[in-house]
Amino acid sequence: MRKIQLFVIISLVTILTGCMKESDVQIPDKEIQKENVYFPIYPSLDENNVYFGAGTGSFYALDKKNGALKWEKKAVANLVNTTTVTNNGIVAYRDEASLIGVDAISGKEKWKLKDNPSYPYIASDGSLYYSGINQGTNKEMIKNIDITTGKTNWEYETVAETASQPTLVDDVLYIGGFSYIYGYNINSNEYWEYKINEEENKAFGVIQNPLVVTQNNVVFGTGGFIYAVDIKTHQLNWKYETEISNGDYYISASKGDVFLGDGDYIIAIDDAYGTVKWRFNAKGLSAPATIEEEILYFGSGNYLFAISAIDGSEIWKYKANDTVGSKPVISDGQIYFGCFDGFFYAADIKNGQAIWKYDLNNHKVSNWRKIEEKTIPEPSVSDIVASSNSTAQTIEQPNPIETPETIEPNNKVDFKNWETYRNERFGYIFKYPKNWNLGVLSGDMSSIEITKGKEVSLSAYAGFYMEEFAKDLTNYDKIKLKNNEEAYLLITLGEEITELDLRYILDNSIEYLLGFKVSTKYYNENKEIIDAVINSYEFSKGFDG
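Presented here is a report on the structure given in the accompanying data block. (Residues numbered from 1 in each chain as written. Predicted model: local features only at pLDDT ≥ 70, side-chain atom pairs only at ≥ 80, totals over all residues. Heavy atoms only, no water.)

1. Description of the packing of aromatic side chains
Between two aromatic rings, the relevant description is the distance of the centres plus the angle of the planes. As a reminder of what qualifies: Here the aromatic set is Phe, Tyr and Trp, taking the six-membered ring for Trp, and pairing holds for ring centres within 6.5 Å; pairs whose planes are under 30 degrees apart are stacked, those over 60 apart are edge-to-face, and all others are tilted. Burial status follows relative accessibility: with a 1.4 Å probe on protein chains alone, a residue under 20% of its type maximum counts as buried, one over 50% as exposed, and anything between as partly exposed. In this analysis the charged atom, NZ for Lys or CZ for Arg, is taken to sit over a ring once it is within 6 Å of the ring centre and within 35 degrees of the ring normal.
Applying the stated criterion across every chain yields a total of 30 aromatic pairs. With a centroid separation of 6.1 Å and an interplanar angle of 35°, the aromatic rings of Y182 and Y184 are classed as tilted. Given the relative accessible area of 1%, Y184 is considered buried. The rings of Y129, W154, Y156, Y180, Y182, Y184 and Y191 are connected pair by pair, giving a single aromatic cluster. When the ring centre of F225 is taken as origin, the NZ or CZ atom of K239, which lies over that ring, is 5.1 Å away.

Structural data, given as structure tokens:
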């Protein structure tokens, strides 16, 4: 059975100051070697601790509240890049050719299975699944074991070699292999398979990351494509060609949308149709994303981001000193992640500000606030989300703007050659140049994307307004729309990309959004066109449906 090993080599030697500002961090007296201080893709949590392995060659249990070390267990492997799972007081993880279960409180080993396992998966019922080698037949098996004792409940032979961690949904175990994905029914022992087109694939058909199962599809990526296979018909529903031809496709899904990193963007794809709903400018995903309460949390290079899963708007971001290398995990209002600077962090989920960090090299904890106290002041609405050009800072309430600006019509623009888009459900209307490409209306008829090559991406959206997830408008300018309604506009100029974010909230019930991501070169040369699109935007009050 072939397994895909991921090796990360970090050769920089520097002084670690953590992922926080220098003024907040006590810098160690000596230099620390950063070699192999990377983190696993998937940490895990229980009610007391957070568990993970690292490039130090150890597994760790830290107290969730204050980062104190509960236990450390040396691994057989010097480079620990694995998945930890926990249930019923046991932490299970893969260590080279073994699957090991240890006591969550003490770290004492409870059982060990030497069967060359895949990464383990915990189902919602607490069962542990993985693929491993049967010692008697030397054949690869799908296994279900008792995480408390390590005893096998059942196993049956796979039809081919596998490469990914399994995923169980509605009694079907989904697993990826080499050019194939498989769906095993754990009750009937029946299975189905789907084979990709090997001729178009640019990665030898290896499907090594966990498959994501949505309401309609099983979604996975390999060799330059994202595939969505119908979970009922087992036929291809849609296929999306990515900018990257090979690499890790970290896919997540929520409420009818699929999210992934692709080149310089994080993108949202409609699960039903395979059309792109929005793009967020970031340097791909350095680890899988976590979705909670319609907010997407993820590491992208040296940043930890929180963005809206609905429209891709930025809520907050935190710049680290090195790559955010693990999937963020969330519990009790805190978000936990590992950074390649050699620290493991706990941060406030509302704004990304660090609460504590644990130094893997010196075994020290730095704390930024007393989180043991029971009474923590509740944030205002403006504290919940930070503006799109702000790092994780506390945001004050916006000062009122007495005189709204008006974007004046540009007489150089000839609307005779423009198209008009009208959204029938929410009643918004705007004009756009004829040579821009109209995308496909979203399944809920709320959003549309219009593009002009790689120069312009325009996303129009309307939906029900929720104050708890509202965008902070501190840095927005108040303007007047075509129908004399007051709206908010934020323009963020970047070296390569310029973003414009227009928002209007109707009676605290419906939010209208018009967002641009434009190459700065195009914006500087065609500002009158962008202004004309914004100036043409109007809407009727109310919605149909």
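2. A few points about unusual backbone geometry
The line we're drawing: Runs of H or I in DSSP of at least four residues are treated as helices and runs of E of at least two as strands, each being numbered from the N terminus.
Even without glycine at this site, D170 takes up a positive phi of about 50°. Look at S179: it is not a glycine, yet its phi comes out positive at around 75°. Relative to the assigned elements, S179 resides in the loop between β16 (172–176) and β17 (180–185). We classify S179 as buried; its relative accessible area is 2%.

3. Some details on the pairing of strand β4 (residues 49–53)
Spelled out, the test is: Here, any two strands with at least 2 DSSP bridges between them count as paired.
By the criterion of burial, β4 is predominantly enclosed, with 5 of the 5 residues buried. The two faces of β4 match: N49, Y51 and G53 on one face and V50 and F52 on the other face are all buried. Here 2 bridges tie strand β3 (residues 44–45) to β4, and the two strands are oriented antiparallel to one another. Note that in β4 the partner of L45 across the bridge is V50.

4. A short note on the sheet that holds strand β30 (residues 314–319)
Condition: The axes are straight lines fitted to the C-alpha atoms, using for helices just the contacting stretch, and the angles between their N-to-C directions are given from 0 to 180°.
Ordered by their spatial adjacency, 4 strands build an open sheet running β27-β28-β29-β30, and the pairing between neighbours is antiparallel. Each end of this open sheet is capped by a strand with a single partner; those strands are β27 (290–292) and β30. Here the average twist between neighbouring strands, direction ignored, is 15°. With 6 bridges connecting them, strand β28 (residues 295–300) and strand β29 (residues 303–308) associate as antiparallel partners. Looking across to β29, one finds that Y297 is bridged to A306.

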